[in-house]
Amino acid sequence: MRALECLVAIVDQGSLTRAAAALHMSQPALSHQIAAIERELGTPAIERLPRGIRPTAAGLAAVAEARIALAAADRAVKTGKKVAAGTAGRVRIACAETMTAWVLLPVLRSWRRRFPDVELDLKEYTSADRMLDVLQAGGADIIVGPRPTRTNEHTQTLGREEIVIVASPEHRFSGMDAVPLTELIAEPLLHYSPGCGFGGTVDQLADRRGVVLPQPVLRTGSPRTAAQLATAGMGVAIVPFSALTVRPGGTIRSLDPPELRDVVVIVAAPHDELLRRFVADLKGNGLPDLAGRCRTA
């Protein structure tokens, strides 16, 4: 790169003496750099005249490409510095589908305004364990969602989210302050497909409380869909609070006793400045306290 810089300077200055002065180097050192380029080209790059120099055809062609290469090198250095400072680069985010708007949106909106040189890549999932697999395989830089069933990665807790019961507006649960899990035994249950991680959460909750849930009337792969179906009267659903819309319209009740789960952020490279800044903003923003039913840590 230094030799290319010397060649461009000579052509721009039209003189070895002026080029050496502009580059703050001796003329013999400059001549050495040009000789090296000419050996690579296999032909002279400049023609020495009594007064100054004149580039050869090969020299002009090399200078045109050298300008592109030098500009690219300059951009590379500047980009590297920005990334090191946490103001440029790429953040690949894997997020639980219910938490994109609930947790991520304020931070994403802020970053688009504050760090326009940062590329944000978002993919949504319905399984925390699947997100962890993607992170460990190098397909994501950071994951946001419920705590996976296993992890040795760098995990930080953003807060806690309540798991709630959803039913239609006219359902009998609307007359209750909270709903014991046993009340669902006689209800048409909306459950989850095997690929949905929250289905395992529901089953573990029932096991801990010694409740045998009824056979589902319908299964879905999305807690958001389950909440919408329950609101429409298709049955009763257990969902994370983040699955609810701003105005769900149905009956929303806490379990009795309440059930909470951790919301975490996991990063692949905790010392990366860009990721550290993103995590700091997530923690600073915290979890929304929607309707008083989500408790932030």
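Only a predicted model underlies this, so the values are computations on that prediction, with no experimental measurement involved. (Residues numbered from 1 in each chain as written. Predicted model: local features only at pLDDT ≥ 70, side-chain atom pairs only at ≥ 80, totals over all residues. Heavy atoms only, no water.)

> For unusual backbone geometry, give the residues involved together with the corresponding values.
Of note, the bond from Asp 256 into Pro 257 is cis; its omega dihedral lies within 30 degrees of zero at 0°. Structurally, Pro 257 can be placed in strand S11 (residues 251-267). Phi angles above zero are rare outside glycine, and His 24 is one such case at about 55°. With respect to the helices and strands, His 24 occurs in the loop between helix H2 (16-22) and helix H3 (27-41). (Helix = DSSP H or I, 4+ residues; strand = E, 2+ residues; numbered from the N terminus.)

> Let's hear about empty space enclosed by the protein: which residues, and what values?
Under the defined criterion, the tally for this structure stands at 1 cavity of 30 Å³ or more. When its volume is computed, the largest cavity comes out at roughly 50 Å³. Taken together, Arg 92, Ile 93, Ala 94, Asp 121, Lys 123, Tyr 125, Val 134, Gly 139 and Ala 140 make up the full set of residues lining the largest cavity. Elements with a minimum of two residues in the lining of the largest cavity: strand S3 (89-96) and strand S4 (118-125). Classifying every residue of the lining of the largest cavity by side-chain character gives 5 nonpolar, 1 polar and 3 charged. (1 Å grid on protein atoms, 1.4 Å probe; cavity = no way out; pocket = protein on both sides within 12 Å on 5 of 7 lines; lining within 4 Å. Points joined across faces, edges and corners; volume = space filled by probe spheres on them. Nonpolar A, V, L, I, M, F, W, Y, C, P; charged D, E, K, R; others polar.)

> If you had to explain helix H5 (residues 100-114) to someone new, which residues and values would you point to?
Maximum bend of H5: about 25°, positioned at Pro 106. Here H5 has its buried residues at Thr 100, Trp 102, Val 103, Leu 104, Val 107, Leu 108, Ser 110 and Trp 111. Where H5 is buried, its residues contact S3, S4, strand S5 (142-146), strand S6 (154-167), S11 and helix H9 (273-285). (Bend = angle between axes of the 7 residues up to and from the residue. Buried < 20%, exposed > 50% of the residue type's maximum accessible area, 1.4 Å probe, protein only. Contact = heavy atoms within 4.5 Å.)

> Give a detailed account of the layout of surface pockets, specifying residues and quantitative values.
Of the voids in this model, the largest pocket is the one considered here, and its volume is about 520 Å³. Around the largest pocket sit 27 residues that line it, and Pro 146, Arg 147, Gly 197, Thr 201 and Arg 261 are the ones nearest its centre. Contributions of two or more residues to the lining of the largest pocket are made by helix H6 (128-136), S6, helix H7 (197-208) and S11.

> So, the nonpolar core: which residues are in play, and what are the values?
Ranked by size, the top nonpolar core spans 36 residues in total, and within it Ile 142, Phe 278 and Leu 282 carry the most contacts. Elements with a minimum of two residues in this core: S3, H5, S4, H6, S5, S11 and H9. In terms of nonpolar packing, the next biggest core, distinct from the first, is built from 31 residues, Ala 227, Val 236, Ala 237 and Ile 252 among them. (Core = buried A, V, L, I, M, F, W, Y, C linked by side-chain atoms within 4.5 Å.)

> Please give an account of the confidence of the model for the protein that cites residues and values.
Mean pLDDT over the protein stands at 90; residues scoring 70 or higher make up 95%. Overall, residues 291-297 carries pLDDT values under 50, and its contacts beyond four positions in sequence, including any with other chains, amount to 23 contacts. (pLDDT = per-residue confidence, 0-100.)

> Residue-level account of the packing of aromatic side chains, with values.
Applying the stated criterion to the full structure yields 3 aromatic pairs. Taken together, a centroid distance of 5.0 Å and an interplanar angle of 70° make the contact between Trp 111 and Phe 278 edge-to-face. Residue Trp 111 is located in helix H5, and its partner Phe 278 is located in helix H9; the two are separated by 167 residues in the primary sequence. One exposure class covers both Trp 111 and Phe 278, and it is buried. Between Tyr 192 and Phe 198, the aromatic rings sit 5.4 Å apart at their centres with planes inclined by 90°, giving edge-to-face as the arrangement. Here Tyr 192 matches Phe 198 in class, with each residue buried. In this structure an aromatic cluster arises from ring pairing among Trp 111, Phe 115 and Phe 278. (Phe/Tyr/Trp six-rings, centres within 6.5 Å; stacked < 30°, edge-to-face > 60°.)

> Go over H6, please, and point to the residues and values.
Listed as buried for H6 are Ala 128, Met 131, Leu 132, Val 134 and Leu 135. Here the buried residues of H6 occupy an arc of 160° about the axis, which is enough to place them on one side. Between the side-chain oxygen of the N-cap and the backbone nitrogen of Asp 129 there are 3.4 Å, and the N-cap of H6 in question is Ser 127. A positive phi of about 85° marks Gly 138, the residue just after H6. (Arc of directions from axis to C-beta. Polar contact = N/O pair within 3.5 Å; in protein donor to acceptor, adjacent residues only side chain to side chain.)

> Lay out the pairing of S5 in plain terms, naming residues and giving numbers.
Put simply, side chains in a regular strand alternate between the two faces of the sheet. Counting buried positions over the 5 residues of S5 gives 5, a clear majority of the element. Relative to S5, S3 is paired through 3 bridges, and the arrangement is parallel. Across the sheet, Ala 94 pairs through a bridge with Ile 143, a residue of S5. Two strands pair when backbone bridges link them, and S5 and S11 are joined in this way by 5 bridges, in the antiparallel orientation. Among the inter-strand pairings, Ile 142 is bridged to a residue of S11, identified as Val 267. (Pairing = 2+ DSSP bridges.)

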